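# A closer look at the structure
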Amino acid sequence: MSQAELILAFESSCDETSVAVIRNGDEILSNIIATQINSHKRFGGVVPEVASRHHVEQITTVTDMALKEAGVSYEQLDAVAVTYGPGLVGALLIGVTAAKTIAFAHDLPLIPVNHMAGHIYAARFVAPLVYPLLALVVSGGHTELVVMKAAGEFQIIGDTRDDAAGEAYDKIGRVLHIPYPAGKEVDRLAHLGQDTFHFPRAMAASEDLDFSFSGLKSAFINTVHHADQIGETLSREDLAASFQAAVVDVLVEKTLQALHQYDVKQLVVAGGVAANQGLREGLQAALAKTAPTVELLVPPLRLCGDNAAMVGASAHVERARGHFADERLNADPGLNFARA
Ligand code: KG4
Ligand code: ZN
């Protein structure tokens, strides 16, 4: 092994083709992200076949760009890492095949990475992780509270019973005629309005740590449809603000409950919805008030969405733990952490 560890990392689980070169697990030499969002927008969501095709078309170019920008050759690499789940099977397979091919051709170890672990480890680019920690993982496909007692150990203590937080944003965005993915625009509108609709906060008072967003989504859609039927125009800003207030209240409340039940040193907020300004502000205020000793770690905006840098950060930890795969590595679309 060379003095500095260099990992070439691949991410292709959904609609982003990304390749990164990461030094020593916490330094980004390159992190190229080719997004396909424009191709999926007109369908209102990600079309799996379209996603796979884009990954095939992009992956070689994106790999070349990542190595070039990092100024690194294949000979200098110590390992190749790849997201092998969860995600769309056809999309995952493109990254897995590319990583396996490069590992085989250059005789490099292959490190399999769980996409959700990647989202959490993105916080390593902000500060070293200190265990035990609690992670709130909020993306288009997941809404989970995860306890990590040590590096590489993940336990789900709370999960969504229906829609993921990002999915709820995208679905109510459709009703407001906001193109997919709607989270960022709803977040922007929310800051221009007031919580005038007081939508339900599902299970915010219950003891368990699970989430539910489908009731909120239905309440939102019914409100808009009812107004349409009677010819009334509602404020988009107030609708967005009211929706966001309900989501943030529930996420913050459940996170505080988890912090009450588990003694942790850090709170990591991860996944695409971690980019949400209302959520960042809400968690910061709540922690300052009720758990000031817990350190809040939120990745910078560009590392909240899907990217390969987070895969490289995760792979650094897996390499240290001796977790490798061989040429039999397959995509695992339903990969998940164990429930506590
Ligand atoms: O982690 P991610 O990039 O992909 C998945 O693994 O799902 O998350 C994408 C999700 C989308 O649902 C998108 O609407 C949401 O993250 N999102 C946001 C914001 N930015 C992205 N949701 C709320 N507020 C935002 N600022
Ligand atoms: Zn993701």
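Residues numbered from 1 in each chain as written. Chains lettered and ligands numbered in written order. Predicted model: local features only at pLDDT ≥ 70, side-chain atom pairs only at ≥ 80, totals over all residues. Heavy atoms only, no water.

### Quick look at the environment of L8
When you line up the elements, L8 lands in strand β1 (residues 6-11). Relative accessible area serves as the criterion here: at 0%, L8 is assigned to the buried category. Taking C-alpha positions, L8 is 9.1 Å from A309, a pair spaced 301 residues apart along the chain. With residues near it in sequence (within four places) discarded, L8 still touches V19, A20, V21, T63, L67, Y74, L77, A79, V80, A81 and I102. (Helix = DSSP H or I, 4+ residues; strand = E, 2+ residues; numbered from the N terminus. Buried < 20%, exposed > 50% of the residue type's maximum accessible area, 1.4 Å probe, protein only. Contact = heavy atoms within 4.5 Å.)

### What to know about the nonpolar core
In terms of nonpolar packing, the biggest core is built from 49 residues, with L134, L136, F213, F220, F243, V269 and L279 touching the most fellow members. Where this core is concerned, the elements lending two or more residues are β6 (133-138), β7 (143-148), α5 (165-175), α6 (183-190), α7 (214-229), α8 (236-261), β9 (266-270) and α9 (277-290). At 12 residues, the largest contribution of residues to this core is made by α8. In this view, L279 contacts L136, V138, V248, L251, V252, V269 and V273; residues no more than four positions away in its chain are not counted. Core analysis: the second largest hydrophobic core is formed by 36 residues, A81, V146, A270 and L303 among them. (Core = buried A, V, L, I, M, F, W, Y, C linked by side-chain atoms within 4.5 Å.)

### Details of the packing of α7 against α8
The packing of two helices is summarised by the inter-axis angle and the distance between the axes. Where α7 contacts α8, the two axes come as close as 11 Å, and the packing angle between them is 165 degrees. Between α7 and α8, the angle falls in the class roughly antiparallel. Two packed elements cross with a definite hand, and for α7 against α8 that hand is right-handed. On the side of α7, the interface is formed by L216, F220, T223 and V224, while α8 contributes L239, F243, A246 and V247. Classifying every residue of the contact of α7 with α8 gives 7 nonpolar, 1 polar and no charged. (Axes fitted to C-alpha atoms, helices over the stretch in contact; angles between N-to-C directions. Parallel < 35°, antiparallel > 145°, perpendicular 65-115°, else oblique. Left-handed = near helix turned anticlockwise from the far one by under 90°. Nonpolar A, V, L, I, M, F, W, Y, C, P; charged D, E, K, R; others polar.)

### Brief notes about the environment of C14
Here C14 is to be found in the loop between β1 and β2 (16-23). Judged by its relative accessible area of 22%, C14 falls in the partly exposed class. Through-space distance from the C-alpha of C14 to that of P48 is 8.0 Å; in sequence the pair is 34 residues apart. For C14, the contacting residues outside a window of four places in its chain are Q36, V46, A51, H55, L88, A91 and D306.

### A few points about the packing of α5 against α8
For the pair α5 and α8, interaxial distance at closest approach is 12 Å and the crossing angle is 165 degrees. The angle between α5 and α8 falls in the class roughly antiparallel. As α5 packs across α8, the resulting crossing turns out to be right-handed. In this structure, α5 uses A168, Y169 and I172 to contact α8, whose residues at the interface are F243, Q244 and V247. Residue classes in the contact of α5 with α8 are distributed as 5 nonpolar, 1 polar and no charged.

### Structural notes on the sheet that holds strand β8 (residues 155-159)
Here we have 6 strands laid out as an open sheet, ordered β10-β9-β6-β7-β8-β11, and mixed in their pairing. The strands lining the two open edges of the sheet, one partner per strand, are β10 (295-297) and β11 (338-339). Of the pairings in the sheet, the one linking β7 to β8 comprises 4 bridges and is antiparallel in character. By the bridge assignment for β8, E144 is matched with D159. (Pairing = 2+ DSSP bridges.)

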